[in-house]
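Chain residues, written in single-letter form:
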Amino acid sequence: MMEEAIATYREEAGELLAELETSLLDLEETPDDSDLINRVFRAMHTIKGSGAMFGFDEIAAFTHEVETVFDMVRNGKMTVTKRLLDLTLKSRDHILYLLNSPVGEDIDRAAGDEIIVGLRQLVPHDDLPQKGSDVIPAIELPELSEDELAQECTWRIRFRPAPNILMCGTNPISLINELRSLGTAHVVAQFDEIPLLDELAGENCYIYWDIILTTSRGEDAIRDVFIFVEDDCDIRIELIDSSGLIDREQGYKKLGDILVERGDLSPVEMQKVLLLQKRFGEILVEQGIVTPEKVQSALVEQQHVKSVRKERSEAPQQEAAASIRVPAERLDQLINLVGEMVTVQAHLSQVSLAGGDSTYIAISEEVERLTNELRDTALNIRMLPIGSTFSKFKRLVRDLSQELGKEIEMETFGAETELDKTVIEKLNDPLVHIIRNSIDHGIESPEARKAAGKSSVGTVYLGAEHSGDSVLITIRDDGAGLDRDAIRAKAIERGLLSANIDASDREIYAQIFAPGFSTAAKVTSVSGRGVGMDVVKRGIDGLRGSIGVDSVRGSGTTITLKIPLTLAIIDSLLVKIGKDHFVLPLAAVEECVELTREDIKNSHGRNLANVRGAIIPYISLREHFAIGDQCPEIEQIVIADIHGTKVGFVVDNVVGEHQTVIKSLGKMYRDVKGVSGATILGDGTVALILDMGMLLHMVEQLEQPPCAGGAR
Amino acid sequence: MGKLIMTADDSASVRQMVAFTLKQNGYDVVEAVDGRDALNKLNAQKVDMLLTDLNMPNMDGIGLIKGVRAGALNKFIPIVMLTTESQDSRKAEGKAAGATGWIVKPFKPEQLIAVIKKVLG
C-alpha cells in the first residue's frame, strides 16, 4: 500500500512541478500577482509536506528552503526578482531530479546546496531563518519504558475548561477518562458556576473538575492529556504526594489545609471556623463559605492519599519476602530427604498400627499428616511456569517457517501452568520435534492453504493445563492432518500392523511414533527422516507420560502429552505377586478386574480377557517374572491404557494406592527392561516400579513372527 | 460500524495514506479534495470527525473549520488540522476558528491514530 501512495506522490509531485513551472513563468510577466505567488508557495508546501511523509527527506529538506523564501515573498518581506525566479526554476528542476533518482542511490547534493546558497543570499539578513528549526516532531507518543520507571506520585489536578470547549469539538469527559487511564483517579465535578436557567447558554461548559490522580507516569504525561486545550483552559497540576517523600506517616493533611492549599478557603476563614469545634466540613457548608462539592472534593483527596500511602507502606514488606534464589541442588536434596521421610513415615505407621498402642497410633497419624504437607510443599518449590519454554518455541516457529517459506503464527495458552523443573527441561526435545513436524508436514504452503479455502497463515497452538496429577500439553496445528491411509499402508508394509486387522484411528496414528517411521516423500532439512517422533515417544516415556494423537484430514492434528507433575514422587498402585510387591504408575491405570480360572479356561490359552464385551489382551506378570509360587484361585487384572492400547497386567492381589518415592536402580540394573525404578515400602522391603509400556513392547516382540520382528 | 472520518487534503498522496491508515484501524473514510468540496459534503453528510489540511485551493482549512462550526449538521465534531512546522501562527488561527487539535506533518501512521483516538475519546 505504501508503495502505491509513493507512486501517487511521484505522480502528484510531477504535476505540481509542471504547475509550478507555469506559475513561475507567468510570474515573470506579472511579478506582483499575489494569486500566482500563493500558488507557488502552496505547490512547494505540498511537495515538502507529502515528501516528508513518504520518506523523501532530501526533497522535504530542500523544498523547505525554497518555501521559506516564498513565504517571505507572500508576506511582502521580499519582492519577486529575475534572480529569484531563475533560482526557483532551478530548484524546480532539482526537485524533479531528486524525485526521479532511485531510492538509496547517491545524489548530487552540490547542485542543491548551490541553489540554497543563492536563495539565502537574496533573503534580507535579519530574516534569515534559524538553523535547526527544521524538524519539530509531531505529537510525541508516550514513552512507557522511561516513564514507568518513575516513582508513583499523587497529583491534584483542577481542570476548568474554556466555556466554548464543546464548540471546539473537545469532549471534556474523554480527557478525564484519559487521565483515569494513567493511574488511580478520583474525580469530583464542581457545579457551582452553572448559572441560572435564563442565563445559561446551552453550548457552554460550566462544570469544572477536581481530579486526584496517582500515577507513575510523571507530570508530562498528564500535561500531554491536555495538549490541545492547555492554551484555552485553566489547568492546575500540583504534586501532593510521592513515594519518594520521607513523610512516611499514613495520615494526610487536614481538610482545612487542603482547601486553603487549593485556594478554595482563606486561612483567616479557616481559623474562624476551627474555633467553632464542630466537624469542619459541615460548618463550612452550613455557613456557605465553601460549596459542598468543594468540601467533597477535598475529602476525596484526603481519602485517596491515605489509601495510596497505606498500600505503599504495606507493599515493600511483601516484596522483600516475595522470592529468594536457592541453588537447584539444595532443592533436590530437600526432595530426597522428604522422600526418605515419606518412607520412614510409612514404616512408622505400619509399626504403630501393628503395636496397637493408641498413643503411638495418634502420633504416627499426626506425623503422616505433616509429612504429606511437607511433601506437597517441597514438591511445589520445584515447580516452575512452563511459559519460559514457550517463548523459545515462538522463535523456533518463526525461524523454521521462514526457512520453509510458510506463513505460520504461534499461539500459546496456559504459560503459567507449573511443572517440575526437571520435567520442563526434559520436555524440551520432544516438543521441538513435535512442533517441527507440525510446521514441516502439518501446515501446508500458503498456496496450498489458499487452494483449500483456508487462511494462508497457518497456526500452531501450544497449550498447557492441569488435569489432576498431570499436566496436559497440547500441540495443535490447523494443517493438512495425518494421512490415515498412507500411515496404515506404510505400517503394513513395515510389518508394524497386520493387513487383515481393521485398526482404530488411534492405533494407526500411534504408528507415527515407531522408530524410523516416515511417510514423507521428500526429506527436508527440518524433518522427514523419521527420527523425530520416535525421540518424542522415548522422551515422554522417560517422563512416565503418555501421548495421544488426534487428527482430522484437512483441518489439522492435535497431539496431547500427559505428563506427571513431578518425577520424584508418584501416585501408584501397589500390587503383589507371590511374596513380591510391584508398583504400577497410577496415571496409566484405568481399572482392575478379576480373572478366574474359569476365564482362563474359556479363552483357550490366548491370554485374552473379556471385559464388558471388549476383548483385552493381558500379560501374566507371574509368568513374565517367572515367580514360581502357587497361583491363587482368583487373580486380578490391572487394565492400563498405554499409548492408546488397552492391556491387562495380571497380578495376584491389588494392595491399593501408594505414594511412591522413586529410587533409581543404580548402574548395575539400569539397563534392565521393564523396570523403571524401585521404591522402599513401609516395612523396609523393596518394590520394583514397572515400566508398563516397555513390558508391552517386550511381549509384543516375543510374539511377533521372526520375519516381521526383524524389520524393526 | 466504524466511525466515519473525513480527510480533506488537496494532495492525493496524503489523502491516500491517511485513508489507508484509517481504514486499517477500522474507521470509515470520506475524502474531499479541497475546502469547498469538504464543506459541501459536510453540509450533506454527518461524520464523526474531520481531518483537514490548512493549505488548500478554493477554500483553505481555516475557512473550512469556520464553515463547519457555523453549520448545523457537524457543528460539534472534533476537527484536527494537519499542519507543518512553519505554520505556528496558522495553528493559532485554526484553534481560534474552532479546531480541536492538530498534528504536525510529517507524521507516522501511529501518531495519526493516537491523535484520532484522543479526540474521539
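Residues numbered from 1 in each chain as written. Chains lettered and ligands numbered in written order. Predicted model: local features only at pLDDT ≥ 70, side-chain atom pairs only at ≥ 80, totals over all residues.

Visitor: Could you give me a rundown of the overall build of chain A, with the residues and numbers involved?
Guide: Scanning chain A from N- to C-terminus turns up 24 helices and 21 strands. Here chain A, with 712 residues, has 32% of them falling under the buried criterion. Of all intrachain contacts in chain A linking residues separated by at least 6 positions in sequence, the fraction that spans at least 24 positions is 70%. (Helix = DSSP H or I, 4+ residues; strand = E, 2+ residues; numbered from the N terminus. Buried ≥ 20, exposed ≤ 12 C-beta atoms within 10 Å, placed from the backbone. Contact = placed C-beta atoms within 7 Å.)

Visitor: Any details on the overall build of chain B? Residues and values, ideally.
Guide: Along chain B, the regular secondary structure elements total 5 helices and 5 strands. Starting at the N terminus, the α and β elements of chain B follow one another as β-α-β-α-β-α-β-α-β-α. For chain B, the proportion of its 121 residues judged to be buried stands at 51%. Restricting to contacts in chain B with at least 6 residues of sequence separation, those with at least 24 account for 60%.

Visitor: Give a detailed account of the environment of G71(B), specifying residues and quantitative values.
Guide: All names here are of chain B. Mapped onto the fold, G71 is located in the loop between α3 (61-70) and β4 (79-84). What makes G71 exposed here is the crowd of 12 C-beta atoms within 10 Å. Through-space distance from the C-alpha of G71 to that of N43 is 7.2 Å; in sequence the pair is 28 residues apart. If we skip the residues at most four places from it in the chain, G71 touches L42 and N43.

Visitor: An account of the nonpolar core is requested, with residue identities and associated values reported.
Guide: Counting 89 residues, the largest nonpolar core has V40(A), L179(A), M6(B), L50(B) and L51(B) as the members making the most contacts within it. The residues contacting L51(B), other than those within four sequence positions of it, are I5(B), M6(B), T7(B), V18(B), V80(B) and L82(B). Counting 39 residues, the second largest nonpolar core, distinct from the first, contains V397(A), L400(A), A510(A) and I563(A). (Core = buried A, V, L, I, M, F, W, Y, C linked by C-beta atoms within 7 Å.)

Visitor: How would you explain the confidence of the model for chain A if you had to name every residue and give the values?
Guide: Residue and element names in this part refer to chain A. Residues with a pLDDT of 70 or more make up 88% of chain A, whose mean pLDDT is 80. Considering only residues more than four positions removed or in separate chains, one finds that residues 129-149, a stretch of pLDDT under 50, has 24 contacts. The model gives residues 706-712 a pLDDT under 50, and that stretch makes 5 contacts with residues more than four places away or in other chains. (pLDDT = per-residue confidence, 0-100.)

Visitor: Requested: an account of the interface of chain A and chain B, with residues and values cited.
Guide: Taken together, the contacts link 31 residues of chain A with 35 residues of chain B. Among the secondary structure elements, those contributing two or more residues to the side of chain A that touches chain B are α1 (2-29), α2 (34-53) and α7 (172-180) of chain A. It is α2(A) that contributes the most residues to the side of chain A that touches chain B, 7 residues altogether. Counted by class, the side of chain A that touches chain B contains 15 nonpolar, 10 polar and 6 charged residues. (Nonpolar A, V, L, I, M, F, W, Y, C, P; charged D, E, K, R; others polar.)

Visitor: I'd like a rundown of the packing of helix α15 (residues 387-404) of chain A against helix α16 (residues 421-442) of chain A, residues and numbers included.
Guide: All names here are of chain A. With their axes 10 Å apart at the nearest point, α15 and α16 run at an angle of 30° to one another. The pairing of α15 with α16 is recorded here as roughly parallel in orientation. Crossing hand, α15 versus α16: right-handed. On α16, the residues touching T389, F393, L396, V397, L400, S401 and L404 of α15 are I424, L427, N428, L431, V432, I435, R436, I439 and D440. (Axes fitted to C-alpha atoms, helices over the stretch in contact; angles between N-to-C directions. Parallel < 35°, antiparallel > 145°, perpendicular 65-115°, else oblique. Left-handed = near helix turned anticlockwise from the far one by under 90°.)

Visitor: An account of the pairing of strand β3 (residues 208-215) of chain A is requested, with residue identities and associated values reported.
Guide: Residue and element names in this part refer to chain A. Of all 8 residues that make up β3, 6 are buried, and the element is covered over most of its length. In this structure, strand β1 (residues 153-160) lies alongside β3, joined through 7 bridges in antiparallel fashion. In the sheet register, I157 faces β3, and the bridge partner there is I211. Bridge analysis of strand β2 (residues 184-190) against β3 gives 7 bridges, and the strand direction is antiparallel. Looking across to β3, one finds that V187 is bridged to I211. (Pairing = 2+ DSSP bridges.)

Visitor: How would you sum up the packing of helix α4 (residues 82-100) of chain A against helix α5 (residues 109-122) of chain A? Please name residues and give values.
Guide: Residue and element names in this part refer to chain A. Two elements in contact, α4 and α5, have axes whose closest approach is 10 Å; the angle formed by their N-to-C orientations is 155°. Here α4 is positioned roughly antiparallel relative to α5, judged by the angle of their axes. The handedness of the crossing between α4 and α5 is left-handed. Contact residues: R83, L84, L87, K90, S91 and H94 in α4; A111, G112, I115, G118, L119 and L122 in α5. Classifying every residue of the contact of α4 with α5 gives 6 nonpolar, 4 polar and 2 charged.

Visitor: Report on the sheet that holds strand β2 (residues 28-32) of chain B, specifying residues and quantitative values.
Guide: Residue and element names in this part refer to chain B. Taken together, the 5 strands give an open sheet; going across it, the order is β2-β1-β3-β4-β5, and neighbouring strands pair in parallel fashion. Sheet topology places β2 and β5 (101-105) at the edges, where each strand pairs with a single neighbour. Averaged over all neighbouring strand pairs, the angle between strand axes comes to 20°, with direction disregarded. Bridge analysis of β4 against β5 gives 5 bridges, and the strand direction is parallel.

Visitor: Give me the sheet that holds β3(A): which residues, what numbers.
Guide: Residue and element names in this part refer to chain A. One open sheet accounts for 4 strands, arranged β2-β3-β1-β4; its pairing is antiparallel. Of all the strands in the sheet, the pair left with one neighbour each is β2 and β4 (234-242). Between one strand axis and the next, the sheet turns by 15° as a mean value, whatever way the strands run. Taken together, the 8 bridges between β1 and β4 define a ladder with antiparallel strand orientation. Bridging across to β4, R158 finds its partner in R236. α7 rests against β1, β2 and β3 of the sheet, and its axis sits at about 20° to β3.

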